[in-house]
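Chain and residue survey
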Amino acid sequence: MMLFLVAAVGLIGYYVYKSIKPPPPIPLPENVSEISPRIKLNDGRYLAYRELGFPKDKAKNKIIILHGFGSSKLVDLKITQEMIDEFEIYFLLFDRAGYGESDPHPSRTLKTDTYDIEELADKLQIGPKFHVLGMSLGAYPVYGCLKYIPHRLSGATLVVPLLNFWWSRLPLNLSISAFKKLPIQNQWTLGVAHYFPWLLYWWMTQKWFSPFSQNPRETMTERDIELADKHTKHAYIKESALRQGEYVSMQRDIIAGYENWEFDPTELSNPFSDDNKGSVHIWCALEDKQISHEVLLYLCDKLPWIKLHEVPEAGHLIIHEKQHFEDIIKAACQIMVLLLVIVGLISYYVYKSIIPPPPISLPENVSEISPRIKLNDGRHLAYKELGFPKDKAKNKIIIVHGNGNSKDVDLYITQEMIDEFKIYFLFFDRAGYGESDPNPTRTLKTDTYDIEELADKLQIGPKFHVIGMSLGAYPVYGCLKYIPHRLSGASLVVPLVNFWWSRVPRNLLNAAMKKLPIGFQLTLRVAHYFPWLLYWWMTQKWFPNSRNPKDTMTERDLELAEKHTNHSYIKESALRQGDYVSTQRDIIAGYGNWEFDPTELSNPFSDSNKGSVHMWCALEDKQISRDVLLYICDKLPWIKLHEVPDGGHYIIHEKRHFEAIIKAACSE
C-alpha cells in the first residue's frame, strides 16, 4: 500500500512538474543569418533587426519601433516613402527577446528589454540620440527608456500603452476599475502572470479554463477586428514572431510587463529641458476596450510634460490606421514645430530686440552712495544695517526684498521693536538691484549663496533668520534647501508660487495660475519656457504683458503701494542698472526649473537646533494661492502657517502685521 501511495505521489509530482515547466525554446534554423540580419550583444545573445528609410548617418529623425504582443519586426505599419522623405526618417524595427529571430533572455525583465534597445542602437551606430515608439504591451520598454536611459532619447511615444495594474502609486480605485473592464479570463491570466509567474506556462496550456476571452468583441471594436484580420493575423507574421515557441516570446512578455516594476511611471522625470530638446507623447484611443482612458489621464496629469493625444472613434489597433500612424510619426518628428513657428514670425527687428542690453553702469562714487562688500567671484553686494550692534544682538534678521524693490524697502521698523527683541537687521540689494552687481548666471541657488557669503563677510555670526517677501521669498526656500545649518529661523511672507513645482498637484497649480490675469500668466510662461525671450516680451507692444493693478491688488494694497513702494526715489535706486538685470532676471530665477520641490524640504530644526519656519498667507491676496500654501504646510507640518484675514499682498507694509511677523520670528 505504501509503495502504491509513493508511486501515485511520484506520478502526480512528475505530472505537475512537467505541466508547469516551460519547454526550451525551439531552435532557430542554421541559416537564420540568411533570414534576417542580427547583431551580437555583449551577453552573447543575438537580436534580429530591420532597417528602413533614410541612411542613418543622414537622417534627421531616428525612430526605434517596438512591436506589440505576439508581433515582430515585420509589424505591418503604413510606412510610406513620402513620410520618410518629408521627415528624413531612419526606422529601426527589431524582434524583442524571444520573438522572431532574436534569442530569448533567460531572465527577461523590463530593464533587460530597455538595455537591449540601447545596446542595439550602439552596435548599429545610429548615434547618441533616438526616438522610441512602443505600442500596446510593447510600450513597457518605452517606460524603461524614460527611467533608465533618458539621456539617450530624442523623444518617446507610447501608443495605447499597457497598464500595469500593480503600479505602486496608481490610485487603487482607478486600478480596480480599469482591471474590471477586462474580460474575467484576461483578469485571471494577468493575475497569474503577476502573482505566480512560474505557473503561467501551465495556465496558458491547461484545458480547464480559457486563458483569454474567446469573444474578440470583448476586447476589440469592429474596426479593430477588421484591422487585426488585415494586419496582424497573417500566417507568415505569426510564424515568424512565435517561431521559438509561445513561452519565450508572448508569455515572458506578459510576465515582464505585469510583474512588479522597480519604479512607478508617475515618478519619472522629464528628460527634456532647454538644453535637451525632445518630447514625450501618449496616444489614447477613446473606444479602446483594453486600455483605460482614466488611467492615462491620471498619468498625464501627474506628468504634465507628457503630451496626451486623445483619438475619438478609434480602438486599440489605431497604429494600423494610415491616418493615425501618420499623425503619430508627425508628432514624433515635429518636436521643434512651436519654436520654428515663433522663429519664423520674429523679424530681424524682433531678433535684435531679444538681446538684453548690458547693465547701466553704476556711478564711480557708488561706494559713497552705499556700503558694499566684495564677494569671492568679484561682484559687490550693497547692504544696509539697522538696530542693535551685531555682536550684541539676540536676533539677527536678514530681510530679502521683493520684485522691483531694494534694501531701501519701506517697513515699519521702530526703535521700540529693536530694543524689545534686541534685533540686528541686515538689508541688501539682491544681484542686479540697486548698487549690487548683476550675476550673469543668476539662479535661486546663486541668490542663496549670496546671502551666506554676505553674512560671512559682515561677520554677523553662524546663525541668522531670513525673511523673504513675495518673489523675494524664493531665496528663503533656497536657504532651507542649501544652507539650513546657517539658519536660526525663516519667514516666507506671501511667498511666490512656482507653477512648475514637480510635486505639488497639477490641478492646484493650474487653478492658481488661472486666477492670475492673462497678461501675468503669459509673462510667467515666457519666463519659464523661453527665458531668453523675456526681455523682448517685456518690451514688445504686440501682446499684453502688463496688468491692471486692480486685477492683482486689493484697494488697501493699492494704498500701501502708493505710500511705500511707488516713490520715485525707491524705483530709481532699485532699478538704476536697468529692468533686465534686476526685475526680469528675478522673474526668471523665481519661475525657472528648481532643483527641488518645496515639499521635499527637511525640517532644519530639532531639539538640539532651535528655530522655526513661518509662512504668512493673506486671505485676500489676489496673487498667491492659499490652497497651494495650505498644501505645502500640510506636507511640511513643521512650517507654522499664519493666515491673515482682511490682508492683501502688501501685508508686510501694514504696521500691525509687520510687528506680528517680527514677533513670531523672534519668539524662538
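These remarks concern the structure in this document. (Residues numbered from 1 in each chain as written. Predicted model: local features only at pLDDT ≥ 70, side-chain atom pairs only at ≥ 80, totals over all residues. Heavy atoms only, no water.)

Some details on the overall build of the protein
Scanning the protein for helices and strands turns up 28 helices and 16 strands. Once local pairs closer than 6 in sequence are excluded, the contacts in the protein between residues at least 24 apart make up 78%. Total accessible area computed for the protein in this model is approximately 30,800 Å², and 54% of it derives from carbon and sulfur atoms. A gap of 2 Å separates the mean positions of the 75 positive and 80 negative side-chain charges of the protein. (Helix = DSSP H or I, 4+ residues; strand = E, 2+ residues; numbered from the N terminus. Contact = heavy atoms within 4.5 Å. Areas by Shrake-Rupley, 256 points an atom, 1.4 Å probe, with all protein chains shown as cover. Lys, Arg positive; Asp, Glu negative; His and termini not counted. Charge placed at Lys NZ, Arg CZ, Asp CG, Glu CD.)

Section: the packing of helix α18 (residues 444-457) against helix α19 (residues 474-482)
Helix-helix packing: each pair is described by the crossing angle between the helix axes and the interaxial distance. Taken N-terminus to C-terminus, the directions of α18 and α19 make an angle of 75°; their axes are 8 Å apart at the nearest point. In terms of their interaxial angle, α18 and α19 are classed as roughly perpendicular. Only Tyr474, Pro475, Gly478, Cys479 and Tyr482 of α19 make contact with α18, whose side of the interface consists of Leu444, Lys445, Asp447, Thr448, Tyr449 and Ile451. Looking at the contact of α18 with α19, its residues break down into 7 nonpolar, 2 polar and 2 charged. (Axes fitted to C-alpha atoms, helices over the stretch in contact; angles between N-to-C directions. Parallel < 35°, antiparallel > 145°, perpendicular 65-115°, else oblique. Nonpolar A, V, L, I, M, F, W, Y, C, P; charged D, E, K, R; others polar.)

So, the packing of helix α21 (residues 518-529) against helix α26 (residues 580-591)
Two numbers describe how α21 lies on α26: the axes approach to 8 Å, and their chain directions differ by 75°. In terms of their interaxial angle, α21 and α26 are classed as roughly perpendicular. Taken together, the residues of α26 that come into contact with α21 (itself represented by Leu524, Ala527 and His528) are Ile587, Ile588 and Tyr591. Taken together, the residues that form the contact of α21 with α26 break down as 5 nonpolar, 1 polar and no charged.

Some details on the environment of Cys333
Structurally, Cys333 can be placed in helix α13 (residues 322-333). Considering only alpha carbons, one finds Cys333 and Lys62, 271 residues apart in sequence, at a separation of 9.0 Å. Setting aside residues up to four positions removed in sequence, Cys333 forms contacts with Asn61, Ile63, Phe87 and Ile89.

A look at the sheet that holds strand β8 (residues 306-311)
Spatially, 8 strands are ordered β1-β2-β4-β3-β5-β6-β7-β8 in an open sheet, and the strand pairing comes out mixed. Every other strand in the sheet has two partners, leaving β1 (38-40) and β8 as the edge strands with one partner each. For this sheet, the mean angle separating the axes of adjacent strands, direction not counted, is 25°. With 3 bridges connecting them, β1 and strand β2 (residues 46-53) associate as antiparallel partners. Within β2, the position partnered with Arg38 by the bridge is Ala48. Relative to the sheet, helix α12 (residues 293-302) contacts β7 (279-285) and β8, its axis offset from that of β8 by approximately 155°. (Pairing = 2+ DSSP bridges.)

Details of the sheet that holds strand β12 (residues 423-428)
Taken together, the 8 strands give an open sheet; going across it, the order is β9-β10-β12-β11-β13-β14-β15-β16, and neighbouring strands pair in mixed fashion. The sheet terminates laterally at β9 (372-374) and β16 (639-644), the two strands that pair on one side only. Adjacent strand axes in the sheet meet at a mean angle of 25°, parallel and antiparallel pairs treated alike. When strand β13 (residues 464-469) meets strand β14 (residues 487-493), the two strands line up parallel, connected through 6 bridges. Its bridge partner being in β14, Val466 is matched across the sheet by Ala490.

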